[in-house]
Amino acid sequence: MASLIHPRTGRPSKGKRHTFTVKLDMDRAVKLVQILKLVDMNGIAYLTPIIEAHLDAIDLDQLRNPPRRGPAAMMKNSTTSTSGTL
């Protein structure tokens with residue numbers, strides 16, 4: 001993505017962004033704040049590459065077209081014992 005010059009500040013822009021809000025339970029939020037202090041980063045700088053890597057790893061085609069689970073797949077994954085012993 002090519003950098004654009006911000007009209008008011010003259011600084012390069014990384015382009016359009018979309019902001020998401022995440023609500024963590026308090027235990028996780030406290031842990032995240034502790035991590036951010038230890039690595040001397042803000043939440044955006046720390047979490048953005050993690051989320052980007054996660055999203056890059058997801059195959060949208062596979063989500064759109066999940067494998068079918070018919071009777072043959074159920075039989076294949078069955079854990080029923082056929083040994084006859086109890």
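Here, the structure is the one placed above.
Everything numeric in this text was worked out from a predicted model, so none of it was measured.

Chemist: Help me get a handle on the overall build of the protein chain, residues and values and all.
Modeler: For the protein chain, the count of helices and strands is four helices and two strands. Ordered by position from the N terminus, the helices and strands of the protein chain form the series β-β-α-α-α-α. The burial tally for the protein chain puts 3% of its 86 residues in the buried class. When the accessible surface of the protein chain is totalled, it reaches about 9,000 Å², and 59% of it is carbon and sulfur.

Chemist: With reference to specific residues and values, describe the environment of Asp25.
Modeler: Residue placement: Asp25 occurs in the loop between strand E2 (12–13) and helix H1 (26–39). Of note is the side chain of Asp25, whose polar atom sits 2.7 Å from the side chain of Arg28.

Chemist: Quick one: what's the story with helix H2 (residues 43–56), residue by residue and with numbers?
Modeler: Helix length check: H2 (14 residues) gives 20 Å between terminal C-alpha atoms against 20 Å at 1.5 Å per residue, within 8%. For H2, the capping residue at the N-terminal end is Asn42, with a side-chain oxygen 3.0 Å from the backbone nitrogen of Ile44.

Chemist: Lay out unusual backbone geometry with the relevant residues and their values.
Modeler: Of note, Asp40 is a non-glycine position whose phi angle comes to about 55°, a positive value. Inspection of the secondary structure puts Asp40 in the loop between H1 and H2.

Chemist: Can you break down the pattern of salt bridges residue by residue, with the values?
Modeler: If you walk through the whole model with that rule in mind, you get two salt bridges. The closest approach of N and O atoms between Asp25 and Arg28, which form a salt bridge, is 2.7 Å. Residue class for Asp25 comes out partly exposed when judged on its relative accessible area of 35%. The class for Arg28 is exposed, based on a relative accessible area of 57%. Between Arg64 and Asp61 there is a salt bridge, with the nearest N and O atoms lying 3.6 Å from each other.

Rules and cut-offs
- Residues numbered from 1 in each chain as written.
- Predicted model: local features only at pLDDT ≥ 70, side-chain atom pairs only at ≥ 80, totals over all residues.
- Heavy atoms only, no water.
- Helix = DSSP H or I, 4+ residues; strand = E, 2+ residues; numbered from the N terminus.
- Buried < 20%, exposed > 50% of the residue type's maximum accessible area, 1.4 Å probe, protein only.
- Areas by Shrake-Rupley, 256 points an atom, 1.4 Å probe, with all protein chains shown as cover.
- Polar contact = N/O pair within 3.5 Å; in protein donor to acceptor, adjacent residues only side chain to side chain.
- Expected span 1.5 Å × (residues − 1).
- Salt bridge = Lys/Arg side-chain N within 4 Å of Asp/Glu carboxyl O.

Function cannot be inferred from these measures alone, as they are strictly geometric.
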